[in-house]
Amino acid sequence: MTRATTPGETASAVLPGRTLQRSRILPWLAVVALLIVATVLRHVLAANTDVSWLLTVGERVLDGQHLYIDIIETNPPMAVLAYLPGIAIARALGLAAERVTDALVFIGIAVSLLFSARILSRASVLGVAQGWPLALLAVALLAVLPTQTFGQREHIALIAMLPMLAVLAGRIKYSAPSWPAAIAAGIGAAIALSFKPYFAIALLGALVAEAVSTRLSWRVLLRPEYLALAIALALYAAVVIVLFPEFLTVVGPMVRDVYLQVQQPVMMLLEKPAVTLWATALLAAVVLKRRVGVDGPFVLLLATSAGFAAGFVLQGKGWPYHSYPMIALALLAFGYARMTYLPVTRTDRLFGVGAVVLLALLFIRSMLWFDTAFDARPLQEKISQLGPRPVILAISAEPGIGHPLVRAVGGTWVSRQQGLWVAAYHAVLRSRGGVSPAQDRLLEAYAARERTMLIEDIKKRPPTLVLVDDLTGSGSEWLKAHPDVADLLKDFRVVATINKVAFLTRSREP
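Residues numbered from 1 in each chain as written. Predicted model: local features only at pLDDT ≥ 70, side-chain atom pairs only at ≥ 80, totals over all residues. Heavy atoms only, no water.

J.: Before we move on, can you summarise the pattern of salt bridges with the specific residues and values?
T.: Throughout the structure, instances matching the rule amount to 18 salt bridges. With a shortest N-O distance of 3.1 Å, Arg 91 and Asp 63 are connected by a salt bridge. Here the residue Arg 91 occupies a position in helix 4 (residues 84-93), and Asp 63 occupies one in the loop between helix 2 (49-62) and helix 3 (78-81), the gap between them amounting to 28 residues. Given the relative accessible area of 53%, Asp 63 is considered exposed. The network of salt bridges with shared partners includes Glu 59, Glu 98 and Arg 407. (Salt bridge = Lys/Arg side-chain N within 4 Å of Asp/Glu carboxyl O. Helix = DSSP H or I, 4+ residues; strand = E, 2+ residues; numbered from the N terminus. Buried < 20%, exposed > 50% of the residue type's maximum accessible area, 1.4 Å probe, protein only.)

J.: Before we move on, can you summarise the nonpolar core with the specific residues and values?
T.: Within the largest apolar cluster, 139 residues are counted, with the highest numbers of intra-cluster contacts made by Ile 109, Leu 145, Ile 327, Leu 331 and Leu 467. With 14 residues, helix 7 (residues 153-172) is the single largest residue contributor to this core. Not counting the four nearest positions on each side in its chain, Leu 331 is found in contact with Leu 137, Leu 141, Leu 145, Ala 281, Leu 359, Leu 362, Phe 363 and Ser 366. If you look at the next biggest cluster of nonpolar residues, it comprises 18 residues, including Ile 455, Val 468, Trp 478 and Leu 504. (Core = buried A, V, L, I, M, F, W, Y, C linked by side-chain atoms within 4.5 Å. Contact = heavy atoms within 4.5 Å.)

J.: Outline the side chain of Glu 73, listing residues and values.
T.: Along the polypeptide, Glu 73 turns up in the loop between helix 2 and helix 3. Although Glu 73 is buried, it makes no salt bridge; Arg 153 carries the closest opposite charge, 5.1 Å away. Within the structure, Glu 73 has its side chain in polar contact with the side chain of Trp 53 (distance 2.7 Å). Separated by 2.6 Å, the side chains of Glu 73 and Asn 75 make a polar contact. (Lys, Arg positive; Asp, Glu negative; His and termini not counted. Polar contact = N/O pair within 3.5 Å; in protein donor to acceptor, adjacent residues only side chain to side chain.)

J.: I'd like a description of the side chain of Ser 116, backed by residues and values.
T.: Summarising the element assignment, Ser 116 is placed in helix 5 (residues 97-122). According to the relative accessible area criterion, Ser 116 is buried, its value standing at 7%. For Ser 116, the contacting residues outside a window of four places in its chain are Leu 162, Pro 163 and Ala 166.

J.: Which residues make up the pairing of strand 3 (residues 465-469), and what are the values?
T.: The buried fraction of strand 3 amounts to 5 of the 5 residues, a majority that puts the element mostly inside the structure. Covered by surrounding structure in strand 3 are Leu 465, Leu 467 and Asp 469 together with Val 466 and Val 468, the residues of both alternating faces. Note: strand 1 (residues 391-395) against strand 3, 4 bridges, orientation parallel. By the bridge assignment, Ala 394 is partnered in strand 3 with Leu 467. (Pairing = 2+ DSSP bridges.)

See the structure below:
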């Protein structure tokens, strides 16, 4: 016979169950809230310049044009290949490639974080109480923090590399992942490295951190994650050699002789907000972590972030998106330090609260840094007034003049390049001095080839609208100095000027 339950017993039995249910639901509600914020940002912020351009490149590749011949891109093939699935799906569904690409990036974030969380949980790297706050921070770092960097190669690379970092964190805790998990993590790391060779420094930092923490021999390189990484990179290299040989024979030398020659001085790079944000986050993380003891996973995050920081300096441009992985991992290390910090005294609790406030401030300031980009939206309204589906040519080295502007107005881009960057880099190197006669002749040859391609493009796809940029450069002076291009545009007249960007359309016959 069962005993009757008193009202007090009923309440005491029900309340813990409701509390447990709420504790399980609230973190997921927080994830949903973060994703809503991230989605709103995608509609409020201007589309990323490089992502927009690479979508245009990808569309032309799917249309049958040959990458590095019919359309010129300075980055390795993975920079274009990564966006082809989104373009193909968008075409099949009749949707905008930008929206589908954003959706795929969100899916990538979810898969990466869920996969990493499973690996970390199996390795008992974090407890549930620590894991959920850190997971929410990771969602915010990948979905909200990037702002203008969302969908960039650095963003995708970090998403792809996180499972590898999770595997290494587990290894540091002497927990071996399953073979499928290790292989998938290795492939993800290979995808990350395929975007830019600089990212190998970050992975090397992670490997060193694992080696120092576990004191294992070089034989660890025979583990499945490293074998998968090596095989995937070898296959990618074979694809580049066979399908895109012009990247090695045509674009590679041009990048070496022109693009890599223009770099900011190291001291100027160190003055960038990126370095201050990164150093502050790491310093705060180290100070906080030393109060409870530095552990292997923390060193792993520090070393990987430092590797990406080295890549930021070596690239020498100082652009915000180049600094995204190093800052994101520094903030994640700071968050990890806070989640493993156990305050005892009132002073400890105040110290912990201060750490949360500082983390929030660094996060917000980093968002503003990543939102730094050329915004051509003021030009868009005028272009829309000049007629539908314009065929646009820009006399400019600034990629933001034409992208994402062309896609936003439903137009067509005339040139096979993103902009007249070779001519601009040549001018910069000349202004700095120290260019030898032989180097100057080489640069002039590259600039002449760029101009020849532009002339071919204008003849092949005559523009209906020409944008001459005197805001970020001297487009009008460039045209005067190159009558071979100017003669092709002699029928065009200025119809408007906005922010020193002139709008030229073909003059009508009387």
